[in-house]
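Below, each chain spelled out in residue letters.
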Amino acid sequence: MKALYINIQDLVQVRKKPIEKLSGREMKELPTIQNAWLLTENGTITDFGHMDDLPKFSNIKDINLEGKIVLPAWCDSHTHIVYAGNREQEFVDRINGLTYEEVANRGGGILNSARTLQETTEEELYRQSSARLEEVIKLGTGAIEIKSGYGLTKEAELKMLRVIKKLKENYEIPIKATFLGAHALPNEYKEKREEYIDFVIKEILPDVANQKLADYIDIFCEKGYFTIKDTNKLLQAGKRYGLTPKIHVNQFNAIGGVKAGVEHDALSVDHLEVMREEDIEVLKGTSTMPVALPGCSLFLGIPYTPARQILDAGLPLALATDYNPGSAPSGNMNLVVSLACIKMKMTPEEAINAATINAAFAMGLSKTHGSITKGKAANFIITKKIPSYSHLPYSFGNNEIEAVYINGKKFN
Ligand SMILES: N=CN[C@@H](CCC(=O)O)C(=O)O
Ligand SMILES: [Zn+2]
């Protein structure tokens, strides 16, 4: 099926030559065609250009997008959308003065979500998760990564990963699955952290790999969670099973997790709210993508990833939601892009690059998604009538999206 979109006010993130990712100063440029047309065919972008150069196409119905902007759908490279229930009570407890750490130490936090998930049937978990997935696609997300990590038993981790697999089968957007068995220490393993890592490696990982349930492996490398030694051991084991690392590091403390990630050729290192000079240095000249999660900073009231320091050091940066019940209960990439501009001082160009092409890279999809390029998937956003692409982050909290197309088809 062919579709021709005409009179597009701005066709944004047009990359004639395919690119993998953008770093440092390159992120300041966001190539845009004003007054453009776009042709899609069988789910793929086949051509585009300026309206002055519109060829004569026969037998194609055109769609007039005057006053509207078209940009690639957001790529959300870090989420935990497969979870059960919610954690509103912890939210209220934090408003009343407890810290995230204190909530966790009282048996709340990740262990709270794990208890709920263990008691939830696979069908119900799928139902709750697919509703979240549909909600974020409507907000413009056209590719997503989803982690396990609220199971923390073999049975429950595999249940989470099967739910992700079923989402992959039932939805057209690309979904990458990440095994995060080392998300927190279950109570049965209190004081036996190393035994838990061995359990994850020997008892869960082989099944995850044999049943082809994950693309990536993750660990929460943080004080009170898992150490550098645990990280090295787990990532090494994951790689033996063909799982590339994408890890949680430097959220509350810098303990050397960025270096560990780089040493294991991690595809991405995520969070980075607390960055030392040496953490920035160690990323230089590597292919590891730093990923910032400003929704988490907003919700927990913790520092924002120092984007300016990272970009001014010539590094790339991607943005993601971290959608999860405890630290970021929102999967709205539009808000993430706004926060990046407002709180991290990224320009709209940098933020949109970070949420499209760089985010696609952070989930191994930059060859097929993240830009308007011939041959890439026709996953794109059509905005309402807005004055410019900067209006998207400017108009924070408002929904400026009129329609979302996945593989050339309008979603819902
Ligand atoms: N930091 C670790 N994991 C999640 C939050 C987990 C939770 O509180 O449920 C995150 O990325 O923020
Ligand atoms: Zn996370």
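Cut-offs and rules
Throughout this document, residue positions are counted from 1 along each chain, in the order its sequence is written. Numbering of ligands from 1 and lettering of chains from A proceed in the order in which they are written. Side-chain atom pairs in this predicted model are given and counted only at pLDDT of 80 or more, local residue features only at pLDDT of at least 70, and totals for whole chains, interfaces and linings cover all residues. No hydrogens and no water enter the side-chain calculation; it runs on all heavy atoms of the structure. The helix and strand labels rest on DSSP assignments: H or I over at least four residues marks a helix, E over at least two residues marks a strand, and numbering proceeds from the N terminus. Only the C-alpha atoms count toward the radius of gyration. The rule for a globule is 2.2 Å times the residue count to the power 0.38. Here's how the labels work: a residue is buried when its accessible area is under 20% of the maximum for its type, exposed when over 50%, partly exposed in between, all with a 1.4 Å probe on protein chains only. Should any heavy atoms of two residues lie within 4.5 Å, those residues are considered in contact. Each accessible area is a Shrake-Rupley result for a 1.4 Å probe, and residues are judged covered by the shown protein chains and nothing else. Only four residue types enter the tally: Lys and Arg on the positive side, Asp and Glu on the negative side, with His and both chain ends excluded. Charge positions come from single atoms, namely NZ of Lys, CZ of Arg, CG of Asp or CD of Glu. Two strands pair under a simple rule: DSSP has to find at least two bridges between them. The donor set comprises N, O and S atoms within 2.8 Å of the metal, extended to 3.2 Å for Na, K and Ca; water molecules are omitted, so apparent gaps in a site may simply reflect that omission. UniProt positions are given in the numbering used here, feature names are shortened, and annotations may be inferred rather than shown by experiment. A 1.4 Å probe that fits but cannot get out identifies a cavity on a 1 Å grid over protein atoms alone, an open set with protein on both sides within 12 Å along at least five of seven lines counts as a pocket, and a residue lines either if it has an atom within 4 Å of a point. Distance and chemistry together define a polar contact, namely a pair of N or O atoms within 3.5 Å, with one atom able to donate a hydrogen and the other to accept it when in protein, and with adjacent residues in sequence counting only for side-chain atoms on both sides. Grid points are joined across faces, edges and corners, and a volume is the space filled by probe spheres set on the points. Asp, Glu, Lys and Arg are counted as charged, while Ala, Val, Leu, Ile, Met, Phe, Trp, Tyr, Cys and Pro are counted as nonpolar; the rest, among them Gly, fall into the polar class. Residues are counted as near a molecule or strand when any one of their heavy atoms sits within 4 Å of it. The rule for placing a molecule in a cavity or pocket is simple: more than half of its atoms must lie within 2 Å of the grid points.

## Concerning the overall build of the chain
Working step 1: Along its length, the chain carries 15 helices and 16 strands.
Working step 2: Relative to a compact globule of 412 residues, whose C-alpha radius of gyration would be 22 Å, the chain shows 21 Å and is just as compact.
Working step 3: Summarising its shape, the C-alpha atoms of the chain cover approximately 70 × 45 × 45 Å along the three principal directions.
Working step 4: Classification of the 412 residues of the chain by burial places 60% in the buried group.
Working step 5: Excluding contacts between residues fewer than 6 apart, the proportion of contacts in the chain whose partners are at least 24 apart in sequence is 73%.
Working step 6: Summed over all atoms, the accessible surface of the chain reaches about 16,400 Å², with 48% contributed by carbon and sulfur.
Working step 7: Counting 49 positive and 52 negative side-chain charges, the chain places the centres of these two groups 3 Å from one another.

## A look at the sheet that holds strand 12 (residues 289-292)
Working step 1: Taken in spatial order, the eight strands make up an open sheet running 6-7-8-9-10-11-12-13, and their pairing is parallel. Each edge of the sheet is formed by a strand with only one pairing partner; in this case those strands are strand 6 (74-76) and strand 13 (318-319).
Working step 2: Examined bridge by bridge, strand 9 (residues 216-221) and strand 10 (residues 244-249) share four bridges and lie parallel to one another. For C221, the partnering residue across the bridge sits in strand 10 and is V249.

## A look at the coordination of the zinc ion (ligand 2)
Working step 1: Around the zinc ion (ligand 2), the protein contributes the donor atoms H78 (NE2), H80 (NE2), H248 (NE2) and D322 (OD), at 2.0 to 2.4 Å from the metal centre.
Working step 2: Written as a sequence motif, the donor arrangement for the zinc ion (ligand 2) is H-x1-H-x167-H-x73-D.
Working step 3: By relative accessible area, H78 is classed as buried at 0%.

## A look at the UniProt feature "binding site: N-formimidoyl-L-glutamate" (unreviewed entry) in the chain
Working step 1: Cross-referencing UniProt, the feature "binding site: N-formimidoyl-L-glutamate" (unreviewed entry) maps to Y150, N324 and G326 in the present numbering. The greatest C-alpha distance among the residues just named is 11.0 Å, despite their covering 177 residues of sequence, which places them together in space. As for the annotated residues named above, the ones lining the largest cavity are Y150 and N324.
Working step 2: Along the polypeptide, Y150 turns up in the loop between strand 7 (141-147) and helix 5 (154-170).
Working step 3: Within the secondary structure, N324 is located in the loop between strand 13 and helix 12 (333-344).
Working step 4: Only 2.7 Å separates the side chain of N324 from the backbone oxygen of D322, close enough to count as a polar contact.

## Regarding the side chain of N334
Working step 1: Tracing the backbone through its elements, the reader meets N334 in helix 12.
Working step 2: We classify N334 as buried; its relative accessible area is 14%.
Working step 3: Every residue in contact with N334, bar those within four places of it in the chain, is listed here: W74, L139 and I401.

## Some remarks on the layout of surface pockets
Working step 1: Reported here for the largest pocket is a volume of approximately 660 Å³.
Working step 2: Around the largest pocket sit 26 residues that line it, and E101, A104, N105, G224 and Y225 are the ones nearest its centre.
Working step 3: Elements that contribute at least two residues to the lining of the largest pocket include exactly helix 2 (100-105) and helix 3 (110-118).
Working step 4: Ranked by residue count, the leading element in the lining of the largest pocket is helix 2, at four residues.

## Some words on empty space enclosed by the protein
Working step 1: All told, the structure shown has three cavities of 30 Å³ or more when counted by the stated rule.
Working step 2: Space inside the largest cavity adds up to approximately 100 Å³.
Working step 3: Lining the largest cavity, in full, are H80, Y100, I110, Y150, H183, F220, H248, Q251, H271, D322, N324 and S327.
Working step 4: Among the residues forming the lining of the largest cavity, the class breakdown is four nonpolar, seven polar and one charged.
Working step 5: Computed from the structure, the second largest cavity encloses a volume of approximately 50 Å³.

## Concerning the site of ligand 1
Working step 1: Inspection of the region around ligand 1 gives 15 residues, with Y100, Y150, H183, Q251 and S327 positioned closest.
Working step 2: Within the side chain of Y100, one N or O atom sits 2.4 Å away from an oxygen atom of ligand 1.
Working step 3: Within the side chain of Q251, a nitrogen or oxygen atom sits 2.6 Å from a nitrogen atom of ligand 1.
Working step 4: In the complex, 100% of the free accessible area of ligand 1, which totals 330 Å², lies under the protein chains.
Working step 5: Judged by the fraction of its atoms near the pocket grid, ligand 1 is located in the largest cavity.

## Side note on the environment of E134
Working step 1: Positionally, E134 belongs in helix 4 (residues 122-138).
Working step 2: For E134, a relative accessible area of 26% translates into the label partly exposed.
Working step 3: Between the C-alpha atom of E134 and that of Y405, which follows or precedes it by 271 residues, the distance is 13 Å.
Working step 4: Leave out the neighbours within four places in its chain, and E134 touches Y171, F411 and N412.

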